[in-house]
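# Commentary on secondary and tertiary structure
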Amino acid sequence: MCTRVMWRAAGQPVVVGRNMDWKQSLGTNLWVLPRGVERVGVDGENPLRWTAAYGSVVATAYDAATTDGVNERGLGAHLLWLAESEFGERDTGLPALSVSMWTQYVLDRFATVAEAVASMEAEPFQVRPQGDERSGTWSTVHLAIEDAGGDSAIVEFLDGKPRIHHDPAYAVMTNSPPFDEQLEHLKRYEGFGGELPLPGTTQAADRFVRASYYLDRLPPAETPAHAYAALLSVMRNAAQPFGTPDPARPNISATIWRTLADLTNGVYGFESSYSPDIVWTRLDAVDFDRAARLDLSAEGLVGDVSGRYEAAEPFAFESA
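All values derive from a computational prediction rather than experimental measurement.

Here the focus is the overall build of the protein chain. Each helix and strand counted, the protein chain has five helices and 22 strands in total. Its C-alpha atoms give the protein chain a radius of gyration of 18 Å, near enough to 20 Å, the size a compact globule of 320 residues would have. Here the C-alpha coordinates of the protein chain stretch approximately 50 × 45 × 40 Å along the principal axes. Taken across its 320 residues, the protein chain has 56% of its residues classed as buried.

Structure (structure tokens):
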């Protein structure tokens, strides 16, 4: 129910797009979250604890979870749905982290994908799922991260164990099936070693193929603005229109918003499917010493909104 695509090419900024597909409004707002904040991963026994080393600009769900964002060092992180996710039974010998904070943990602590992967391998922890009473769903998700150097990693929990796929070539992520199966599925199609024509449905496996195909064929961009427009063309091709086309598959949801991050130049863009206007935040124009919120329901939001954030008490993450 989501799509993430990273584009890296010589002489161009590293840009990444993400579609958020969901069956209802997430009450999303944009937040500036500051450095130096001490966080606790769960309310229960043996929580993961850390102090935010970097400030970030993030998109929330219900102002209770970070679903997407980028930090001041050019690291991006994106939480997407994966029905096969299985986080396992609680092992109190490992520190625990609520899934609502998983994206934020990465943005708070790391400047590069390599740092994040090394830390996750050396200092394992458990991500703890939680239910969403608003939608009646359980949080089965996986995480994509990328950095200003063009590195990428996909992190999934299957059978209670983390699986980390780390390679700059891993530029596309959607939803089911798990990532290794997506890579095998891709090989069946023209342009990737197979003979099948480009698929056209909005199912996750088809979106994975289509996004990969069009990403590989993007022409060089002469300016950052052209790079943004080019990547947005791929994201819109992988988007889901309003409505549910197949009642037998209600988990295929409409695209309610998308983000675009320029990791090289520190720009974070947001486009609501309910608005004709795109807004963007320049990370060098916000104050990472204090929390601030941009109410996305406010009237007249268009273009550079870096100065429209208002100081606010940081939101409280929901605990698993």
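Positionally, Arg18 belongs in strand 2 (residues 15-21). Under the relative-accessibility criterion, Arg18 is labelled buried at 0%. Polar side-chain contacts of Arg18 include one of 3.1 Å to the side chain of Asp68. Among all residues touching Arg18, those that are not within four sequence positions of it are Cys2, Thr3, Arg4, Thr67, Asp68, His78, Leu79, Leu80, Met235, Trp257, Arg258 and Thr259.

In this section: the packing of aromatic side chains. Evaluation of the coordinates by the stated rule reveals 14 aromatic pairs. For the pair Tyr105 and Phe110, a centre-to-centre distance of 5.8 Å together with 85 degrees between the ring planes defines the contact as edge-to-face. Using a relative accessible area of 1% as the deciding quantity, one classes Tyr105 as buried. For Phe110, a relative accessible area of 3% puts it in the buried group. Ring geometry for Tyr105 versus Phe125: centroids 5.2 Å apart, planes at 70 degrees, classification edge-to-face. Separated by 20 residues along the polypeptide, Tyr105 in helix 1 (residues 102-109) and Phe125 in the loop between helix 2 (113-122) and strand 10 (126-128) bring together distant segments of the chain.

This paragraph deals with the nonpolar core. Of all hydrophobic cores here, the largest spans 87 residues; its most connected members are Trp7, Trp102 and Ile145. Ranked by residues supplied to this core, first place goes to helix 5 (residues 224-237) with six residues. Every residue in contact with Trp7, bar those within four places of it in the chain, is listed here: Gln12, Pro13, Val14, Val15, Leu215, Leu218, Pro219, Ala221, Ala227, Ala230 and Leu231.

This next bit is on helix 2. Every buried residue of helix 2 is accounted for by Val113, Ala116, Val117, Ser119 and Met120. Burial along helix 2 is one-sided: seen end-on, the buried residues are contained in an arc of 165 degrees. When the buried face of helix 2 is taken as reference, the exposed residues oriented beyond 90 degrees from it are Glu121 and Ala122. Tucked into the core, helix 2 has its buried residues touching helix 1, strand 13 (141-146), strand 14 (152-158) and strand 15 (161-166).

Our focus in this paragraph is the pattern of salt bridges. On inspection of all chains with the given rule, the structure shows 14 salt bridges. Two residues, Arg4 and Glu146, come together in a salt bridge whose shortest N-O distance is 2.9 Å. Residue Arg4 is located in strand 1 (residues 2-7), and its partner Glu146 is located in strand 13; the two are separated by 142 residues in the primary sequence. The buried category is assigned to Glu146, whose relative accessible area is 0%. One salt bridge in this structure joins Arg293 and Asp63, with 3.2 Å as the shortest N-O distance. Of this pair, Arg293 sits in strand 20 (residues 292-294) while Asp63 sits in the loop between strand 6 (56-61) and strand 7 (65-71), and the two are 230 residues apart along the sequence. Each of Arg35, Glu72 and Asp289 takes part in a single network of salt bridges with overlapping partners.

Let us now look at the sheet that holds strand 15. Within a beta sheet, neighbouring strands are joined by backbone hydrogen bonds and run either parallel or antiparallel to one another. Strand order in the open sheet formed by nine strands is 15-14-13-8-7-6-3-20-22, and the pairing between neighbours is antiparallel. Edge positions in the sheet fall to strand 15 and strand 22 (310-311), since each has one partner strand and no second. Inspection of the sheet shows strand 3 (residues 30-33) paired to strand 6 by four bridges, in the antiparallel sense. In the sheet register, Val32 faces strand 6, and the bridge partner there is Val57. Sheet strands in contact with helix 1 are strand 3, strand 6, strand 7, strand 8 (76-81), strand 13 and strand 14, and its direction is about 25 degrees off that of strand 7.

This paragraph deals with the sheet that holds strand 16 (residues 172-173). Strand order across the open sheet formed by seven strands is 16-1-2-17-18-19-21, with mixed pairing between neighbours. Each having just a single partner strand, strand 16 and strand 21 (303-304) make up the two edges of the open sheet. Judged from the two bridges that link them, strand 19 (residues 278-282) and strand 21 form a sheet pairing that is parallel. What sits directly across from Val279, in strand 21, is Gly303.

What follows deals with the layout of surface pockets. By volume, the largest pocket is sized at about 450 Å³. Lining of the largest pocket is provided by 21 residues; of these, Thr28, Phe270, Ser272, Leu296 and Ser297 occupy positions nearest its centre. When contributions to the lining of the largest pocket are tallied by element, the ones reaching two or more residues are strand 17 (255-262) and strand 18 (267-272). Considering every element that reaches the lining of the largest pocket, the biggest residue donor is strand 18, with three residues. Here the residues of the lining of the largest pocket are counted per class, giving nine nonpolar, eight polar and four charged.

Criteria and cut-off values
- Residues numbered from 1 in each chain as written.
- Predicted model: local features only at pLDDT ≥ 70, side-chain atom pairs only at ≥ 80, totals over all residues.
- Heavy atoms only, no water.
- Helix = DSSP H or I, 4+ residues; strand = E, 2+ residues; numbered from the N terminus.
- Rg over C-alpha atoms; globule rule 2.2 N^0.38 Å.
- Buried < 20%, exposed > 50% of the residue type's maximum accessible area, 1.4 Å probe, protein only.
- Polar contact = N/O pair within 3.5 Å; in protein donor to acceptor, adjacent residues only side chain to side chain.
- Contact = heavy atoms within 4.5 Å.
- Phe/Tyr/Trp six-rings, centres within 6.5 Å; stacked < 30°, edge-to-face > 60°.
- Core = buried A, V, L, I, M, F, W, Y, C linked by side-chain atoms within 4.5 Å.
- Arc of directions from axis to C-beta.
- Salt bridge = Lys/Arg side-chain N within 4 Å of Asp/Glu carboxyl O.
- Pairing = 2+ DSSP bridges.
- Axes fitted to C-alpha atoms, helices over the stretch in contact; angles between N-to-C directions.
- 1 Å grid on protein atoms, 1.4 Å probe; cavity = no way out; pocket = protein on both sides within 12 Å on 5 of 7 lines; lining within 4 Å.
- Points joined across faces, edges and corners; volume = space filled by probe spheres on them.
- Nonpolar A, V, L, I, M, F, W, Y, C, P; charged D, E, K, R; others polar.

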